[in-house]
Amino acid sequence: MYKLAQKALFQMDAEVAHGLGIKALKTGLFPAQKDVYPNLKRSLFGFEFPNPVGLAAGFDKNAEVIQPMLDMGFGFVEVGTVTPKPQDGNPKPRIFRDIPNKAIINRMGFPNAGLDVFKSNIKKFRHTPHAQEAIIGVNIGMNKGQSEPVEDYKLLIRELSEFASYLTVNISSPNTPGLRDLQKKENLEPFLQALLKERDAQPYHRPVLLKLAPDLTQQEQEDIAGVVMNAGIDGLILSNTTFARPDYLDAHFSKEIGGLSGQPLKDKSTDIIRNFAQLTKGNIPIIGIGGVANAMDVKAKMDAGASLVQLYTGLVYEGPNVAQNICKGLSKAA
Ligand SMILES: Cc1cc2nc3c(=O)[nH]c(=O)nc-3n(C[C@H](O)[C@H](O)[C@H](O)COP(=O)(O)O)c2cc1C
């Protein structure tokens, strides 16, 4: 059934297809179909995750379809990236597919409806039955052109901690000028200290996770590992999309500017997970992400040191049963 729909969706511009998907999910067209796998439960950050497979940031930027995504079988959902003010992002088209290689390049640039709409949506969700126990990550970013990035992140921590299970500080999108510079040691240290201070001042104490790019050099990774351990960051999300362009990609696709995700990112993100697990001596939990599409991919991320995983591109290519199918496979193998 999805294969037929997918054929039609793949004829459309990728962002139009995504918009249709969100609309369909909002109508409640898809009945809940999740099975429960008691042997896949994971305890982390003070929560009990029903399974270790989460939806990655970027799919539900405005926190509009949290329940439908949980109903698809995801063990947790990360919404955002949200910025304080609404913004349009980069000119369209800005999402591209390489179907044979199960890859996407995007240069969205954080288009989103802004804090007010996001907050109202997530608040509404938290007031629905059973929503209190749902594990929802809130991925926060800065508006384009913000000269004091730390102020945007602090504002979002203040406004959204109440509704978030955990907060993800996104400094690794390749599509917001200057953002990735925050990963530099001299910038990162004071930045994280300020954010954790803001977090500590809130009545709701939430874990703060840092989402990083996979394109960091060994030296940069060593520097960041030192900083996050000193600062007391609760977890790492590895990784965001990559600037890399493996030779085998379609030539037209490959020349698009933006971040590459999906299968061609898989091994690169697994490598950076392994490296950070070693650099932090396993003391900082890692959520592994990049090219996850089946139970074997999850196992590879976990063998490298991840405690949980997330996916986005796998949902586009494998369809709405992806989380269910992965859990089935993991549960059998456990
Ligand atoms: C179209 C698109 C939009 C994305 N938007 C965001 C975003 O807003 N914030 C973020 O942290 N990551 C974003 N990502 C990155 C994903 O969360 C994920 O880190 C990356 O795609 C690798 O995982 P995957 O191979 O399973 O897609 C986006 C990815 C795609 C494909």
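Provided above is the structure to which this section pertains.
Notes on the structure in this doc start here. (Residues numbered from 1 in each chain as written. Predicted model: local features only at pLDDT ≥ 70, side-chain atom pairs only at ≥ 80, totals over all residues. Heavy atoms only, no water.)

Near the ligand there are 23 residues, and of these A57, T81, G262, G291 and T313 occur at the shortest range. For the ligand, an oxygen atom lies 2.7 Å from a polar atom in the backbone of A57. Within the side chain of K61, a nitrogen or oxygen atom sits 2.9 Å from an oxygen atom of the ligand. Within the complex, the protein chains bury 98% of what would otherwise be the 610 Å² of accessible surface of the ligand. Of all the secondary structure elements, the ones that give two or more residues to the shell around the ligand are strand 6 (103-106) and strand 11 (259-262). Among the residues making up the shell around the ligand, the classes are represented as 8 nonpolar, 13 polar and 2 charged. (Near = heavy atom within 4 Å. Polar contact = N/O pair within 3.5 Å; in protein donor to acceptor, adjacent residues only side chain to side chain. Areas by Shrake-Rupley, 256 points an atom, 1.4 Å probe, with all protein chains shown as cover. Helix = DSSP H or I, 4+ residues; strand = E, 2+ residues; numbered from the N terminus. Nonpolar A, V, L, I, M, F, W, Y, C, P; charged D, E, K, R; others polar.)

One open sheet accounts for 3 strands, arranged 5-6-11; its pairing is antiparallel. The strands lining the two open edges of the sheet, one partner per strand, are strand 5 (95-98) and strand 11. Averaged over neighbouring strand pairs, the angle between their axes works out to 25° when direction is ignored. Note that strand 5 and strand 6 share 4 bridges and pair antiparallel. Looking across to strand 6, one finds that F96 is bridged to I105. (Pairing = 2+ DSSP bridges. Axes fitted to C-alpha atoms, helices over the stretch in contact; angles between N-to-C directions.)

Turning next to unusual backbone geometry. Here the bond from G80 into T81 is cis, since omega is 15°, no more than 30 degrees from zero. In this model, L238 is joined to S239 through a cis peptide bond whose omega is 15°. We note that F45 has phi near 55°; this positive angle belongs to a residue other than glycine. Examined against the element boundaries, F45 turns out to sit in the loop between strand 1 (42-44) and strand 2 (47-49). On the basis of relative accessibility, which here comes to 18%, the residue F45 falls in the buried class. The backbone of H130 shows a phi angle near 70°, a positive value even though the residue is not glycine. Note on placement: H130 falls in the loop between helix 4 (115-126) and strand 7 (136-140). (Buried < 20%, exposed > 50% of the residue type's maximum accessible area, 1.4 Å probe, protein only.)

This brings us to the sheet that holds strand 3 (residues 53-55). If you trace the 8 strands once around the closed barrel, you get 3-4-7-8-9-10-12-13, paired in parallel fashion. The average undirected angle you get between the axes of adjacent strands in this sheet is 25°. Across 4 bridges, the pairing between strand 9 (residues 208-212) and strand 10 (residues 235-238) is parallel. Across the sheet, the residue bridging to L212 is L238, located in strand 10. Seen against the sheet, helix 6 (residues 185-200) touches strand 8 (166-170) and strand 9 and runs at an angle of roughly 150° to strand 9. Sheet strands in contact with helix 9 (residues 266-279) are strand 9, strand 10 and strand 12 (286-289), and its direction is about 165° off that of strand 12. (Contact = heavy atoms within 4.5 Å.)

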